[in-house]
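Here are the chains, one letter per residue:
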Amino acid sequence: MSEQTQVEAAAAAKRRIVGKVVSNKADKTITVLVERSERHPVYGKMLRRSTKLRAHDENNECNEGDLVAIVQSRPLSATKHFRLVEILQRATALQQAQAGG
């Protein structure tokens, strides 16, 4: 196997998660909010749960409100265990203004 196909195979085997950027204030780091729905074990009501993950953004190219795909990687810091793979959808100027305050 060539080196390129090994890298692609490794990336395909890792966990890929899609979420929304809620913070890009740190240098080369973004905070991604991942939402999921799950059913309450007793009452059966659908609940919205969320998780905030820190991801490495090498080129500081993400803005708040962007929809991004991240992939699990080796620990890059105490809280950062994901890398940015791609930006799926850019936030509009209106969404960025609302996210900023």
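Residues numbered from 1 in each chain as written. Predicted model: local features only at pLDDT ≥ 70, side-chain atom pairs only at ≥ 80, totals over all residues. Heavy atoms only, no water.

A. Quick peek at the overall build of the protein chain. Helix and strand counts for the protein chain stand at two helices and five strands. Listed by position from the N terminus, the elements making up the protein chain come as α-β-β-β-β-β-α. When each of the 101 residues of the protein chain is scored for burial, the buried share is 26%. The contacts in the protein chain between residues at least 6 apart in sequence include a share of 50% that link residues at least 24 apart. Element-wise, carbon and sulfur atoms account for 49% of the exposed surface of the protein chain, whose accessible area totals about 7,200 Å². (Helix = DSSP H or I, 4+ residues; strand = E, 2+ residues; numbered from the N terminus. Buried < 20%, exposed > 50% of the residue type's maximum accessible area, 1.4 Å probe, protein only. Contact = heavy atoms within 4.5 Å. Areas by Shrake-Rupley, 256 points an atom, 1.4 Å probe, with all protein chains shown as cover.)

B. Spotlight on the side chain of Ser-73. Secondary-structure assignment places Ser-73 in the loop between β4 (67-72) and β5 (80-89). Ser-73 has contacts with His-81, Phe-82 and Arg-83, leaving out every residue within four places of it along the chain.

C. Quick look at the pattern of salt bridges. Under the definition given, this model contains seven salt bridges. Residue Glu-86 pairs with Arg-16 through a salt bridge whose shortest N-O separation is 2.8 Å. Placement of Glu-86 in strand β5 and of Arg-16 in strand β1 (residues 16-23) is noted, with a sequence separation of 70 residues between them. Take Glu-86: its relative accessible area is 34%, and that puts it in the partly exposed class. We note a salt bridge from Lys-28 to Glu-58, for which the minimum N-O separation is 3.2 Å. (Salt bridge = Lys/Arg side-chain N within 4 Å of Asp/Glu carboxyl O.)

D. Looking closely at the nonpolar core. Of all hydrophobic cores here, the largest spans twelve residues; its members are Ile-17, Val-21, Ile-30, Val-32, Val-34, Leu-53, Ala-55, Cys-62, Val-68, Ile-70, Phe-82 and Leu-84. Secondary structure elements with two or more residues in this core: β1, β2 (29-39), β3 (46-56), β4 and β5. Residues within four places of Ile-17 in sequence aside, it is in contact with Val-34, Leu-53, Val-68, Ala-69, Ile-70 and Phe-82. (Core = buried A, V, L, I, M, F, W, Y, C linked by side-chain atoms within 4.5 Å.)

E. Local environment of the sheet that holds β4. Read around the barrel, five strands follow the order β1-β2-β3-β5-β4 and close on themselves; strand pairing throughout is mixed. The sheet shows a mean angle of 50 degrees between the axes of neighbouring strands, direction not considered. For β1 and β2, the ladder comprises three bridges, and the chain directions are antiparallel. When the sheet's bridge partners are listed, Lys-20 is paired in β2 with Leu-33. (Pairing = 2+ DSSP bridges. Axes fitted to C-alpha atoms, helices over the stretch in contact; angles between N-to-C directions.)

F. Fine view of unusual backbone geometry. Positive phi values are uncommon outside glycine, yet Lys-28 reaches one of about 60 degrees. Backbone geometry places Asn-60, a non-glycine residue, at a positive phi of 50 degrees. By the element assignment, Asn-60 lies in the loop between β3 and β4. What makes Asn-60 partly exposed here is its relative accessible area of 40%.

G. View of a nonpolar patch on the surface. Taken together, the side chains of Val-18, Leu-67 and Leu-88 make up a nonpolar region of the molecular surface, amounting to roughly 210 Å² of accessible area. Relative to the helices and strands, Leu-88 is located in strand β5. (Patch = residues over 30% accessible without salt bridge, like charges linked within 9 Å, V, L, I, M, F, W, Y side chains within 5 Å.)

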